[in-house]
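Survey of secondary and tertiary structure
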Amino acid sequence: MSGSVNTQLGAAAPGGGALLARPKGAGRGRRSSRSQTIARYLILIFILGYLIVPLFASLEFATRGDFDKTTKTFGRSLASFAAIFTYPNLIDSIVASLQIAALTVFGMLLLLVPTMVWTIVRVPRMRRVVEFLCLLPLAIPAIVIVVGVGPIYRWIGQNLGAVGASPLTLALIDIILVLPYSYRALDSSLRGIDTGTLSDASRSLGAGWPRTILQVIVPNIRGGILSASVLAIALVLGEFTISSLLSFNTVQVVIFLLGHRDAYVAVAVSLTALFFAFALLFAIARFAPGAASRAQRVVEEPAA
Amino acid sequence: MTATTPEPAASGLGVAVVFEEMHRWYGPVHALDGLSISIAPGELIALLGPSGCGKTTALRALGGLDEVDHGRILVGGKDVTGVPTNKRNMGIVFQSYSLFPNMTARDNVSYGLRLRGVDAKARKKKAEETLDLVGLAVQADRYPHQMSGGQQQRVALARALAIEPSVLLLDEPLSALDAKVRRQLREEIRRIQIMVGITTLFVTHDQEEALAMGDRVGVMSAGRLEQIAAPVELYERPQTRFVAEFVGLTNRIPAKTDGTDVDVLGRRIPLLPGASDRGVVQALVRPENVRVTPAENGSSRVLAVSFLGALCRAQVALPDETIVVAQMAASESSGLYPGVAVDLAVAPAPVFVVAN
Amino acid sequence: MTVSTVGVPAPSELPAAGPAFGGAGSSRFKRAGNYVALIPFHAYVGLFLLFPTLVVAIGAFTTNKGQLTLDNIGAVFATKAFIDSFAVSIQLAVVTALIGAILGALLSWAVVRGNPNGALRQLVVAACGVLAQFGGVMLTFAFLAFVGYEGMLTLFIRDNITHTRMDMSWVYSLTGLIMLYAYFQIPLMLIVFLPSLDGLRQEWYDASASLGGGAWSFWRHVGGPILAPSFLGALLLLFTNAFSAYATAQALISQGCGLVTQQIACQIQSEVMIGRENVGKALALGMIIIVATVMLLYAYIQRRASRWVK
């Protein structure tokens with residue numbers, strides 16, 4: 001008895017799953033789809049093509065070997081990639097940038113997570129203000145901040161000795177620059193959980209605020225923290241304006257200078273960096289926050 | 001499949017709708033497996049079934065939102081199978097959130113008329129009439145987000161009716177609402193449907209809703225129609241095991257059958273046609289067909305009693321520990337308390353049986 | 001005298017009552033305490049964002065000795081190079097914001113119509129994330145590897161078609177900058193606009209179709225108006241993004257002072273002219289004013305265009 005009912009339901013449920021999981025536009029275009037499908041592919045080919053071609057050209061450029069005058073073609077060589085390691089400045093700057101990124105992520109989380117949780121739970125009327133301040137850097141160009149931040153860096157340089165001269169102090173401004181992106185990532189994941197009830201529950205069981213935030217809230221917004229951090233890292237590693245004008249040798253500044261000395265190595269580094277950043281973002285899109293959508297896919301498959 | 005010949009529920013604008021042998025596959029899933037239904041003009045058919053049984057696919061096929069791989073759909077005698085949605089003139093009410101958020105209630109309702117080139121004045125008049133029909137004339141200038149879920153669905157109904165569609169399709173329109181609004185709105189939809197006299201296909205997974213609203217109710221499972229019949233008949237004379245179990249509350253009580261009659265709790269009662277199992281089986285008995293009488297030397301025991309207003313439900317354990325639910329008028333429940341020994345009997349209504 | 005205090009709980013009891021009533025905020029002290037917890041955030045943003053902005057705003061109107069003056073502002077208006085740089089920057093920002101918004105919206109549409117969990121969408125989103133936020137200097141090098149003097153396309157045309165050295169100087173002009181900016185503007189549009197497109201419900205399209213509407217009616221009466229505010233918002237973000245950009249242009253034309261951002265950088269790096277230290281701040285203030293104007297305009301349009309938004 002139960003067996004046959006189960007098969008019925010088993011066969012039925014995936015039908016619903018398939019309906020729900022149907023691509024958004026499928027029903028939309030079902031009848032007039034042909035011209036729209038063609039349009040879609042044309043758009044994908046041309047725009048994606050436009051975006052990808054220079055990266056392909058970079059690969060061609062960076063792997064050029066000796067020029068053969070008779071065939072008018074270049075040989076292929078990985079010398080430019082190998083040469084990356086012969087520039088100690090470059091390696092140093094990569095290390096420095098990674099350290100700045102780590103400090104920025106740490107500072108950003110320390111500043112944002114408790115503040116955002118607190119505004120949700122205790123002072124909802126301040127939520128708007130916090131949001132406004134976090135999004136403000138989008139409206140104030142980085143170069144304006146550089147102009148205005150002079151006095152602070154002068155003070156730091158004069159009063160904090162070795163620490164003041166370190167490129168790591170860039171993290172102080174980078175935290176501001178990443179605020180809009182990190183705020184949005186954290187906000188969407190805090191909206192996804194019932195922050196108020198969770199912290200009430202935790203505190204009614206005797207936990208203080210630090211423990212509530214660290215052991216109850218944070219584990220539930222891991223996805224948001226992850227994407228906020230990745231965005232922050234990408235931004236810091238790509239940051240040029242501020243470090244260049246404050247004369248700190250971060251990775252972008254060194255690549256920029258390298259461009260004037262050895263274009264081939266500069267392109268090789270750029271391509272490598274772009275590729276790693278892409279691989280990181282893609283891996284996260286595919287495996288981390290998509291856990292829920294992947295679960296859906298598992299539901300619709302057993303029908304086969 | 002059709003136990004009774006369809007009879008028109010009301011005379012009006014209604015047209016007949018016929019599904020002929022419809023098939024639909026989603027990849028390997030057979031969402032519609034030879035579905036055939038004929039709906040009389042002005043009739044309200046409720047399609048009932050668990051999620052994924054194909055009822056929504058059937059509705060979307062009639063609305064032209066989804067195509068069928070095989071089979072035909074006739075509306076008013078005309079084959080509409082290949083006609084695109086926007087040429088079918090069907091009024092569809094969706095589950096929820098289908099109102100255009102950028103338009104007021106009035107603009108939502110007159111949208112279809114606007115597409116038909118009706119002039120502004122006539123549009124406004126028709127929109128107001130239709131909103132009046134659903135009792136929302138005063139809300140005409142509100143945006144969807146300013147209205148409750150129930151009000152939004154009323155506007156959606158008005159929007160669907162404003163184009164004077166040939167058929168009204170209701171795709172679980174009440175499922176996102178809370179219980180009280182739901183009951184109220186379903187009565188109102190039914191009232192309006194009868195008044196307008198429009199042929200209607202109503203899809204739901206809520207059996208109470210289906211039984212309350214449909215002229216006939218079709219129960220679907222795995223893409224097939226299990227049974228289509230008037231609500232009373234469906235409840236009292238289910239033709240398949242799926243229907244017997246899916247519609248209404250059902251006890252399973254150990255029994256024995258010879259193919260024509262069945263012995264349940266010491267009583268011999270007729271067997272419903274369609275049950276093929278023989279020998280030791282389980283009888284599917286409705287709670288209201290179970291009689292409980294306190295008896296000092298009774299072999300069954302009351303476990304719990306719950307009052308539901310006019311009705312009362314008792315959980316009773318048989319000697320073999322099978323738990324049976326009995327339902328009676330509250331006035332007949334005196335003497336039933338947890339722990340009391342009782343005798344059980346079943347009413348002589350025909351039952352369905354299933355194998356152990 | 002003693003009687004009157006009965007109704008008022010002793011102050012020491014108040015904190016105990018607080019947690020039991022959750023966020024009710026049972027006393028004024030408690031409520032003030034709630035705000036105290038926000039001080040670190042506000043202090044930090046104040047020090048590293050608002051203070052620098054204030055330094056710029058004040059500096060634009062003072063001499064380096066702190067006396068009030070309008071000379072800095074006057075210098076901006078009197079110097080043709082400064083005025084030109086604003087014109088070029090605005091032109092570049094407007095053109096690339098429009099290109100980016102339109103092409104990016106089309107790309108988003110093409111991506112959204114695919115499977116939401118599919119590899120195509122995830123690939124495109126990840127690639128656009130990199131190009132939009134990480135690029136700058138590195139994108140410029142990739143662009144030059146394509147159409148620069150030694151670029152792949154340049155050499156291909158020279159060796160196979162024209163057989164002479166081509167004039168590629170356009171690459172290092174405004175045209176080149178526009179093409180180059182498209183490499184981060186289109187991806188940024190996709191990142192910003194994709195969620196709005198996701199928010200368009202299938203039910204709206206189905207409802208429109210069932211009422212007799214085709215694709216055109218849907219986009220004109222429903223889809224278009226619903227997306228308009230977010231499209232406008234994205235357009236503004238793209239404008240600001242291009243207007244504030246520095247790295248890309250600097251990497252392409254390193255000696256140039258063609259854009260406002262480059263002008264400001266030139267001022268910072270050569271603060272030699274006595275008495276003109278604060279001209280850079282006046283230029284920076286000009287940038288703030290332009291961005292703020294666009295924002296206010298946007299807020300105004302937004303409010304008028306979206307009465308139906310909650």
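This text gives an overview of the structure that appears in the document. (Residues numbered from 1 in each chain as written. Chains lettered and ligands numbered in written order. Predicted model: local features only at pLDDT ≥ 70, side-chain atom pairs only at ≥ 80, totals over all residues. Heavy atoms only, no water.)

**Points about the overall build of chain B**
Helices and strands together make up the secondary structure of chain B, namely eight helices and 20 strands. The 356 residues of chain B split such that 52% are buried. Sequence separation of 24 or more characterises 69% of the internal contacts of chain B that already satisfy a separation of 6 or more. In the structure as shown, chain B presents an accessible area of about 14,900 Å², 51% of it carried by carbon and sulfur atoms. (Helix = DSSP H or I, 4+ residues; strand = E, 2+ residues; numbered from the N terminus. Buried < 20%, exposed > 50% of the residue type's maximum accessible area, 1.4 Å probe, protein only. Contact = heavy atoms within 4.5 Å. Areas by Shrake-Rupley, 256 points an atom, 1.4 Å probe, with all protein chains shown as cover.)

**A look at helix α6 (residues 127-135) of chain A**
Considered for burial, the residues of α6 of chain A that qualify are Val130, Leu133 and Cys134 of chain A. All buried residues of α6 of chain A lie within an arc of 100° about the axis, which places them on one face of the element. Away from the buried face of α6 of chain A by more than 90 degrees, exposed residues Arg128 and Phe132 of chain A are located. As for α6 of chain A, its buried residues are in contact with α5 (88-121) and α9 (171-192) of chain A together with α3 (39-59) of chain C. (Arc of directions from axis to C-beta.)

**Quick word on the packing of helix α4 (residues 149-162) of chain B against helix α5 (residues 179-196) of chain B**
All names here are of chain B. Taken N-terminus to C-terminus, the directions of α4 and α5 make an angle of 15°; their axes are 11 Å apart at the nearest point. One element, α4, and the other, α5, form an angle in the roughly parallel class. Crossing angle aside, the handedness with which α4 passes α5 is right-handed. Between α4 and α5, the residues in contact are Gly150, Gln153, Arg154, Leu157 and Leu161 and Val181, Gln184, Leu185, Glu188, Ile189 and Ile192, respectively. When grouped by side-chain class, the residues that make up the contact of α4 with α5 number six nonpolar, three polar and two charged. (Axes fitted to C-alpha atoms, helices over the stretch in contact; angles between N-to-C directions. Parallel < 35°, antiparallel > 145°, perpendicular 65-115°, else oblique. Left-handed = near helix turned anticlockwise from the far one by under 90°. Nonpolar A, V, L, I, M, F, W, Y, C, P; charged D, E, K, R; others polar.)

**What about a nonpolar patch on the surface?**
The grouping of Ile90, Val94, Val95, Leu98, Ile99, Ile102, Leu103 and Leu106 of chain C at the surface amounts to a nonpolar patch, some 550 Å² of accessible area in total. Along the chain, Ile99 of chain C falls in helix α5 (residues 80-112). (Patch = residues over 30% accessible without salt bridge, like charges linked within 9 Å, V, L, I, M, F, W, Y side chains within 5 Å. Salt bridge = Lys/Arg side-chain N within 4 Å of Asp/Glu carboxyl O.)

**Regarding the pairing of strand β3 (residues 44-48) of chain B**
Residue and element names in this part refer to chain B. Of all five residues in β3, five are buried, a share of seventy percent or more. A two-sided burial pattern is seen for β3, the buried positions comprising Leu44, Ala46 and Leu48 on one face and Ile45 and Leu47 on the other. Of the strand pairs in this sheet, β3 and strand β8 (residues 199-204) are connected by five bridges, and their pairing is parallel. Opposite Ala46, over in β8, you have Phe202 as the bridge partner. (Pairing = 2+ DSSP bridges.)

**Re the interface of chain B and chain C**
Each partner contributes residues to the interface: chain B has 24 residues there, and chain C has 22 residues. Taken together, both faces of the contact between chain B and chain C bury some 2,100 Å²; the carbon and sulfur share is 63%. At the boundary of chain B and chain C, one finds one salt bridge. At the junction of chain B with chain C, the criterion picks out eight residue pairs in polar contact (both at pLDDT 80 or more). Put simply, the parts of the chain that give the side of chain B that touches chain C at least two residues each are β6 (90-93) and α2 (105-115) of chain B. If you tally residues by element for the side of chain B that touches chain C, the top one is α2 of chain B, at four residues. Of the residues in the side of chain B that touches chain C, the class split is 13 nonpolar, seven polar and four charged. (Buried area = accessible area lost by both parts, 1.4 Å probe. Polar contact = N/O pair within 3.5 Å; in protein donor to acceptor, adjacent residues only side chain to side chain.)

**What about the sheet that holds strand β19 (residues 341-346) of chain B?**
Residue and element names in this part refer to chain B. If you walk across this open sheet you meet the five strands as β15-β19-β16-β17-β18, and the pairing is antiparallel. With partners counted over all chains shown, the strands left at the sheet margins are β15 (290-294) and β18 (323-329), one partner each. Averaged over all neighbouring strand pairs, the angle between strand axes comes to 40°, with direction disregarded. In this structure, strand β17 (residues 311-317) lies alongside β18, joined through seven bridges in antiparallel fashion. Within the sheet, the bridge partner assigned to Arg313 lies in β18 and is Gln327.

**A look at the packing of aromatic side chains**
Under the definition given, this model contains 17 aromatic pairs over all chains. With a centroid separation of 4.5 Å and 10° between ring planes, the pair formed by Phe61 of chain A and Tyr264 of chain A is classed as stacked. In this pair, Phe61 of chain A is assigned in helix α3 (residues 33-62) and Tyr264 of chain A in helix α15 (residues 263-287), connecting sequence segments 203 residues apart. Residue Phe61 of chain A is classed as buried on the basis of its relative accessible area of 6%. Overall, Tyr264 of chain A belongs to the partly exposed group, its relative accessible area being 27%. With a centroid separation of 4.9 Å and an interplanar angle of 45°, the aromatic rings of Tyr181 of chain C and Phe184 of chain C are classed as tilted. Residue Tyr181 of chain C and its partner Phe184 of chain C are both found in helix α9 (residues 174-198); the two are separated by three residues, about one turn of the helix. Across the pair, exposure class does not vary: Tyr181 of chain C and Phe184 of chain C are buried alike. Through pairs of rings, three or more aromatic residues link up here, namely Tyr50 of chain A together with Phe143 and Tyr183 of chain C. For the cation-ring pair, Arg40 of chain A lies above Tyr41 of chain A, with the distance from its terminal atom to the ring centre recorded as 5.6 Å. (Phe/Tyr/Trp six-rings, centres within 6.5 Å; stacked < 30°, edge-to-face > 60°. Lys NZ or Arg CZ within 6 Å of the ring centre and 35° of its normal.)

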